[in-house]
Amino acid sequence: MNELLNPDNPIIRFLTRLFDLMLLNLLFIISCIPIVTIGAAISATYHVIFKIIDKKDPYIVKSYFKAMKENFKHATLLWILILSAGICINTALFFIYNIPDKKFEFLQIPICLFIFILLSVAVYAFPLLSRYQCSMKQLLKNTMILSFTNIPATVIIAVFPLGIFYLASAFDINLAAACGFFFTIGCSGIMYIASFVLFRIFKKYENGKL
């Protein structure tokens, strides 16, 4: 019985990690409700997850809100820029696909490039902001360096959430079950898995390069 309740027991470690991610997921969803705070919520979630991966055993709630407060200004500005760029790209694609003249189809190429850059910023900027203190200019510079020097990882992290949605539709998982997954552990779980890739990338650049 004592062995079963031992904190080092694999089952206990798994259940503890599961509870931490569920609590973190709840904090993330609540923080995203005002919409404008989504960037700060993503940054705070990554901050706590990196501490978990680094085996620092953080107090989830305290660490989350502390990180959210510290990075709120830059994370919010970054989120507004990404959201605005996304709206502009969607508007451009709408007009391109609805213009009968085929000669404008070539514009899809630069727009696809902009989409990749935007996804790269979304993939790296918030995790970088959660882990390092730097100016917005330096943050965007580091984001571009990491995204173009780690293209396979960038694609995997960006496409991974879409893959989950695809699998959910392919296996005909109903909407209630899908919503239940994302409202219990889905968001923090996806970031937790992505963090293992990001953590390894960041470690390579931490010797004076970031």
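Residues numbered from 1 in each chain as written. Predicted model: local features only at pLDDT ≥ 70, side-chain atom pairs only at ≥ 80, totals over all residues. Heavy atoms only, no water.

Turning our attention to the side chain of Thr45. Here Thr45 shows up in helix H2 (residues 38–53). Exposure remark for Thr45: the relative accessible area of 0% places this residue in the buried category. (Helix = DSSP H or I, 4+ residues; strand = E, 2+ residues; numbered from the N terminus. Buried < 20%, exposed > 50% of the residue type's maximum accessible area, 1.4 Å probe, protein only.)

A few words on the confidence of the model for the protein chain. When pLDDT is averaged along the protein chain, the result is 84, and 87% of the positions lie at 70 or above. Per-element mean pLDDT across the protein chain ranges from 77 in helix H6 (residues 151–170) up to 94 in H2. (pLDDT = per-residue confidence, 0-100.)

Glancing now at the packing of aromatic side chains. Under the counting rule described, the total for this entry stands at seven aromatic pairs. With a centroid separation of 5.6 Å and an interplanar angle of 65°, the aromatic rings of Phe116 and Phe148 are classed as edge-to-face. Residue Phe116 is located in helix H4 (residues 108–131), and its partner Phe148 is located in helix H5 (residues 136–149); the two are separated by 32 residues in the primary sequence. Note on Phe116: relative accessible area 22%, which makes it partly exposed. When its relative accessible area of 41% is taken as the criterion, Phe148 is described as partly exposed. (Phe/Tyr/Trp six-rings, centres within 6.5 Å; stacked < 30°, edge-to-face > 60°.)

Here we come to unusual backbone geometry. Although it is not a glycine, Ile35 sits at a positive phi angle of roughly 70°. When you line up the elements, Ile35 lands in the loop between helix H1 (10–32) and H2. Residue Ile35 is classed as partly exposed on the basis of its relative accessible area of 48%. With a phi close to 60°, Lys55 is a non-glycine residue in the positive phi region. By secondary structure assignment, the location of Lys55 is in the loop between H2 and helix H3 (60–98).

Checked against the element boundaries, Asp20 lands in helix H1. An unpaired buried charge is present at Asp20: no salt bridge exists, and Arg17, the closest side chain of opposite charge, is 4.6 Å distant. The contacts of Asp20, once residues within four sequence positions are left out, are Ile52 and Ile60. (Lys, Arg positive; Asp, Glu negative; His and termini not counted. Salt bridge = Lys/Arg side-chain N within 4 Å of Asp/Glu carboxyl O. Contact = heavy atoms within 4.5 Å.)

An ideal rise of 1.5 Å per residue puts 34 Å on 24 residues; H4 measures up with 35 Å between its terminal C-alpha atoms. Maximal helix bending in H4 amounts to about 25°, located at Tyr124; proline Pro127 follows within four positions. Of all the positions in H4, only Ile111, Leu118, Ser120, Val121, Val123, Tyr124, Ala125, Phe126, Pro127, Leu128, Leu129 and Ser130 are classed as buried. (Expected span 1.5 Å × (residues − 1). Bend = angle between axes of the 7 residues up to and from the residue.)

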